[in-house]
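Structure at a glance
Here are the chains, one letter per residue:
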Amino acid sequence: MDIFEYMRKETEKTESPLASRLRPETVDEVVGQEHILGKDKLLYRAIKADKLTSVILYGPPGTGKTTLAKVIANTTKSEFKTINATSAGKKDMIDVVEEAKKTLGGYGKKTILFIDEIHRFNKGQQDYLLPFVEDGTIILIGATTENPYFEVNRALLSRSSIFELKPLSKDNIKTIIERAVTDEEKGLGVYGATITEEALDFLSDAANGDARSALTAIELAVLTTEPSENGKIEITLEVAAECIQKRVLKYDKDGDNHYDTISAFIKSMRGSDPDAAVYYLARMLYAGEDIKFIARRIVICASEDVGMADPNALVVAMAAAQAVERIGMPESRIILAEAAVYVATAPKSNASYLAIDAALETVKNQMTGNIPRHLQNKHADSTGMERDQGYLYAHDFPNHYVDQQYLPDELVGTKFYEPGELGYEKSVREYLERIKK
């Protein structure tokens, strides 16, 4: 290392962005990703033992892909090389491979090659790496925000272990922010700043699982906030909101705001107001409400308030509920909006809802009558012969309908389901009236 490289690295320690300075140096310092970095997990053990094989790391921005690569660089005895696929070409890889061959042959040391944004390499560039990964000349660490099963060659995937990094939890982000504020060596501790619980909660929620976003905001907050009268820099909720460029929305996910907003959302769909439904949906999404919770409420509304007036509403709502689990945000906002608008603009009927509640009330409070004999399951008498129970097979009659008793004797004439006059249910009403004439 020459003097200029040494000075560059020294400058980075104090002048580089907080997110870069605060990167963990050992695997035990990494926050989150317990599903792959728990002490009993394969990746943790491989890094600690310096026995890493080729891996592909994928996940959203700010989840720790580059951080993991830096941790490996700090702990391995192998040579560690880094290239970025957005700017590197085949020649860069050739240079790394040639140097790796010399290092392996001359010193018996392996070379770990970290390729950031590996999905940016075309098929030919990825294919070039195959023989060298195969024979152990290099150990590949690829990082990508895209699904590697679609973006990375199958041959390369088959020679690598795939690890998915997930968005950090709110508690993970809180831990990282607190570390940033108090760490005097690599963080902002020298400023003696404090952060209110409200601001900490807001920032960790607004970061949406992206540690880099949270660190950028807290660094800006500390460096641009004037000390208060007591000489201390205090990061309040207002300061935090300004620094992350997100308006504070009063929304307590466990309190009244949560229930009031979801109530307004459901009542807007029930009241056939798509504009209000989309507005309250936006409020919930902006505040970070659980998209699966929102989807479940749309499903309930589709059945309870639309019902048989448009049975397809339940199909749309269920499809949306399944889709948001697979897709996630931000795209799920479109899926939820489509389902909410469909339910809001569909004709309404609560007849099915009223029918089952009335039937349940009857079962609960009245003596359960005997099932009419002609509806009972066929069974043999003492002679072993099935007896004619008098059941009339509906398909043998005009309109596939025949007038016969279905309810128990005690409930003959009772009406539970009264079809409405809107949408498909109007057709149901007309159909029932027509066949019973």
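So, here is what we can say about the structure in this document. This one's a predicted model, so the numbers in the text were calculated from it and none came from an experiment. (Residues numbered from 1 in each chain as written. Predicted model: local features only at pLDDT ≥ 70, side-chain atom pairs only at ≥ 80, totals over all residues. Heavy atoms only, no water.)

Here we come to the overall build of the chain. Of regular secondary structure, the chain possesses 20 helices and seven strands. Expected size for 437 residues packed as a compact globule is a radius of gyration near 22 Å; at 32 Å, the chain overshoots this value by more than 25%. Along the three orthogonal principal directions, the C-alpha set of the chain runs to about 100 × 65 × 40 Å. Looking at the chain as a whole, 42% of its 437 residues qualify as buried. Here the contacts in the chain between residues at least 6 apart in sequence split such that 71% fall between residues at least 24 apart. With an accessible surface of roughly 25,300 Å², the chain has 51% of that area assigned to carbon and sulfur atoms. (Helix = DSSP H or I, 4+ residues; strand = E, 2+ residues; numbered from the N terminus. Rg over C-alpha atoms; globule rule 2.2 N^0.38 Å. Buried < 20%, exposed > 50% of the residue type's maximum accessible area, 1.4 Å probe, protein only. Contact = heavy atoms within 4.5 Å. Areas by Shrake-Rupley, 256 points an atom, 1.4 Å probe, with all protein chains shown as cover.)

Side-chain alternation along strand β1 (residues 55-58) places Val55 and Leu57 on one buried face and Ile56 and Tyr58 on a second face that is also buried. Here β1 runs beside strand β5 (residues 161-164); their pairing, made up of four bridges, is parallel. In the strand pairing of β5, isoleucine 56 is matched with isoleucine 162. (Pairing = 2+ DSSP bridges.)

On the surface, Val190, Tyr191 and Leu223 cluster together into a nonpolar patch covering about 310 Å² of accessible area. Along the chain, valine 190 turns up in the loop between α10 (170-182) and β6 (194-195). (Patch = residues over 30% accessible without salt bridge, like charges linked within 9 Å, V, L, I, M, F, W, Y side chains within 5 Å. Salt bridge = Lys/Arg side-chain N within 4 Å of Asp/Glu carboxyl O.)

A separate point is the packing of helix α17 (residues 312-327) against helix α18 (residues 332-345). In contact at an axis separation of 9 Å, α17 and α18 are set at 170 degrees when each is read in the N-to-C sense. The angle between α17 and α18 falls in the class roughly antiparallel. Facing Asn312, Ala313, Val316, Ala320, Ala323, Val324 and Ile327 of α17, the residues of α18 in contact are Ser332, Ile335, Leu336, Ala339 and Tyr342. Classifying every residue of the contact of α17 with α18 gives ten nonpolar, two polar and no charged. (Axes fitted to C-alpha atoms, helices over the stretch in contact; angles between N-to-C directions. Parallel < 35°, antiparallel > 145°, perpendicular 65-115°, else oblique. Nonpolar A, V, L, I, M, F, W, Y, C, P; charged D, E, K, R; others polar.)

Counted under the stated rule, the structure contains 16 salt bridges. The closest approach of N and O atoms between aspartate 127 and lysine 123, which form a salt bridge, is 2.9 Å. One end of the pair is aspartate 127 and the other is lysine 123, both in helix α7 (residues 123-134) and four residues apart, which spans about a single turn. Overall, the relative accessible area of 27% leaves aspartate 127 in the partly exposed class. A salt bridge links arginine 270 to aspartate 305; its shortest N-O distance comes to 2.8 Å.

Below, the discussion takes up the sheet that holds β1. Within the open sheet, the five strands sit side by side as β2-β3-β4-β1-β5. Their pairing is parallel. Of all the strands in the sheet, just β2 (79-84) and β5 have a single pairing partner and so form its edges. Each strand axis lies, on average, 15 degrees off the axis of its neighbour in the sheet, ignoring direction. Judged from the four bridges that link them, β1 and strand β4 (residues 138-144) form a sheet pairing that is parallel. Looking at the pairing, isoleucine 56 lines up with glycine 142 of β4. Helix α5 (residues 65-75) rests against β1, β2, β3 (111-116) and β4 of the sheet, and its axis sits at about 165 degrees to β3.

We now examine the nonpolar core. Soluble globular proteins: nonpolar side chains tend toward being buried together. The biggest cluster of nonpolar side chains holds 33 residues, and the ones touching the most others in it are Ile173, Ile177, Phe202, Leu203, Leu215, Ile218 and Ile235. Sorting the residues of this core by element identifies α2 (18-21), α10, α11 (197-206), α12 (211-224) and α13 (237-243) as the ones contributing at least two each. For this core, the leading source of residues is α12, giving seven residues. Setting aside residues up to four positions removed in sequence, isoleucine 235 forms contacts with Thr194, Ile195, Thr196, Ala199, Ile218, Ala221, Val222 and Thr225. Counting 30 residues, the second-largest nonpolar core is a separate cluster that includes Leu281, Ala313, Ile335 and Ala339. (Core = buried A, V, L, I, M, F, W, Y, C linked by side-chain atoms within 4.5 Å.)

Applying the stated criterion to the full structure yields two aromatic pairs. Residues tyrosine 279 and tyrosine 280 carry aromatic rings whose centres are separated by 5.1 Å and whose planes lie at 65 degrees to one another, so their mutual orientation is edge-to-face. Under the relative-accessibility criterion, tyrosine 279 is labelled partly exposed at 45%. (Phe/Tyr/Trp six-rings, centres within 6.5 Å; stacked < 30°, edge-to-face > 60°.)

Now for the packing of helix α16 (residues 291-306) against α18. The angle between the axes and the distance between the axes are what describe a pair of packed helices. Across the interface, α16 lies against α18 with an axial gap of 10 Å and an inter-helix angle of 15 degrees. When the axis of α16 is compared with that of α18, the two are roughly parallel. Pair α16 / α18 crosses with left-handed handedness. Packed against α16, whose contacting residues are Ile291, Ile294, Ala295, Ile298, Cys301, Ala302 and Val306, the element α18 presents Ser332, Leu336, Ala339, Ala340 and Val343 at the interface. Residues that form the contact of α16 with α18 fall into these classes: eleven nonpolar, one polar and no charged. (Left-handed = near helix turned anticlockwise from the far one by under 90°.)

Buried within α11 we find Ala199, Leu200, Phe202, Leu203, Ser204 and Ala206. Following α11 by one or two positions, asparagine 208 has its phi on the positive side, about 55 degrees.

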